[in-house]
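Structural features, examined
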Amino acid sequence: MPSTKYIFVTGGVTSSLGKGIVSASLATLLQSRGYSVTIQKLDPYLNIDPGTLNPYEHGECYVTNDGAETDLDLGHYERFLNRPTSQANNVTTGRIYQSVIDKERRGDFLGKTVQVIPHITDEIKRRIQILGNTGEFEIVITEIGGTVGDIEALPYIESVRQLRWELGDDCMVIHLTLIPYLAATGELKTKPTQHSVKALQESGVQPDVLVCRCEHSIGEEIKRKLALFCNVKKEAVIESLDAETIYAVPILMRNQRLDEVVLNRLNLPVEDNLDLVNWKDFLYKLKYPKSEIRLGLVGKYVELQDSYKSIVEAFIHAGAANECKVHIVWIHSETLTVENAGKHLKEVDSLLVAPGFGERGFEGKLEAIRYARENNLPFLGICLGMQAAVIEFARNVLGWKDANSTEMNPKTRYPVIDLMKEQKKVKDMGGTMRLGACDCDLVEGSKVREVYKRKQISERHRHRFEFNNKYLDDFEKAGLKATGTNPDMGLVEIIELDNHPWFVGVQFHPEYKSTVANPHPLFVKFVEAIIKASK
Ligand code: GLN
């Protein structure tokens, strides 16, 4: 196999320009031309992983099959490419330093002074090439978090400089920048981009392609100007206009021929084989839905919707599969009370109670679930949402008034959700939850068995607490059934309510596995049930 090609994506001018989406879109185009591609993200912060960061800091923490707690951009990579990522796809400065310091303690550096260059940069370069060295991928796209000029990003940019030198033509750099529009003078401004390219050049890195985010078309004149000032070919100045949906970005990038520019630069053939038929079909269904539903999403970070990124995207996929527009109505769990839960939920056709941690807003989640259970409102509970459904049932159907999770009340008389024995010993909070893919057996005749159409499934987990099997019989006799269990540990992974149009709680996170090519069956069938129930 010829050598792996490396594409680096850096950012300039400001953060949040969508490097993740541009990387995923380019990868989608290359994959649609038959290339095997993967994307990885280098995060310059010092945490080992984002698992211990709260959603205000970092949005959703995405989980891979192998149990890595990662940046939410990995979710985009999987959703666009329909290919799983792993621990190797997300590297942080914390992890880099940890391995270098571990080596130092082992004496691996043989008495040398350990320095940023070459020891940290060598470790960065080694990590960058792990996926390429598996031989599985022809092209590895590496997104560098943060913005050029950030102090934390310096060792990464230096590593890119070294790799460009070592890999020659097998390596290229795409720089994503912003072309702001000054309404007062009606002008698009290129100076911030010129400065950020200069900052990159000062670090010894010359970008090959500029992707320019803009609200208004930049036109030929600005492309010519940027090409001249930034040492790039004019056709390599790519306009990236704001899109209606992130899923339209591959098409916008195609229209600007980003894929061709990249393949030419990497000396790879550009054949007439680009296949975007299914992608365009998905976009069409997204744009022209035939029905609409309103889903109430209850959580405590509703003002920060990135916290529920994968759930929102899973509903976009499932909506398109049903040719239905899913309107998400965000409901803050802290505002829900016994008195007003009904009023809030009368406005929606269905309820989703989101994953979460801690006591804040928890009682409001229980009220929402009670309303859904009593009023036949289709309900899906994910992780903490499933645990809340169990607690609500224990309190209001079984009559165990102080039933709770020991996460919320360690002294409860009815710990219907509790820590597993192994979890009780845990002292370090980072990376110690039940994480990653686990098998789950589905009960014959259950709703989920119909949904998945299989006996065994595998889904990803991220939690410490579990259903307490001591109470299983009481629940089942009263009508709340365990319809999915872990074959190795007997843990309850799914609960379902009898005599309800759709009441399902899952201990795992199905949202992580939904992709454009493969919308998740649980979301697809949930949306289908909502459409049916709201007719
Ligand atoms: N806080 C709960 C637990 O740790 C649920 C976690 C979640 O919703 N991801 O078990």
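The sections below set out a description of the structure shown in this document. (Residues numbered from 1 in each chain as written. Predicted model: local features only at pLDDT ≥ 70, side-chain atom pairs only at ≥ 80, totals over all residues. Heavy atoms only, no water.)

Further remarks concern unusual backbone geometry. Between isoleucine 117 and proline 118 the backbone carries a cis peptide bond, its omega angle lying at 15°. One can find proline 118 in helix H5 (residues 116–128). The backbone phi angle of serine 16 is positive, close to 65°, even though this residue is not glycine. Following the sequence through the fold, serine 16 ends up in the loop between strand S1 (5–11) and helix H1 (19–31). Under the relative-accessibility criterion, serine 16 is labelled exposed at 73%. Residue leucine 110 is not a glycine yet carries a positive backbone phi of 50°. Mapping leucine 110 onto the fold places it in the loop between helix H4 (93–106) and H5. On the basis of relative accessible area, leucine 110 is assigned to the exposed category, the value being 77%. (Helix = DSSP H or I, 4+ residues; strand = E, 2+ residues; numbered from the N terminus. Buried < 20%, exposed > 50% of the residue type's maximum accessible area, 1.4 Å probe, protein only.)

Spatially, three strands are ordered S16-S17-S20 in an open sheet, and the strand pairing comes out mixed. Only two strands of the sheet have a single neighbouring strand rather than two, namely strand S16 (404–405) and strand S20 (465–467). For strand S17 (residues 415–419) and S20, the ladder comprises three bridges, and the chain directions are antiparallel. Across the sheet, the residue bridging to leucine 419 is phenylalanine 465, located in S20. In the packing of helix H16 (residues 384–396) onto the sheet, the strands contacted are S16, S17 and S20, and the crossing angle to S17 comes to about 150°. (Pairing = 2+ DSSP bridges. Contact = heavy atoms within 4.5 Å. Axes fitted to C-alpha atoms, helices over the stretch in contact; angles between N-to-C directions.)

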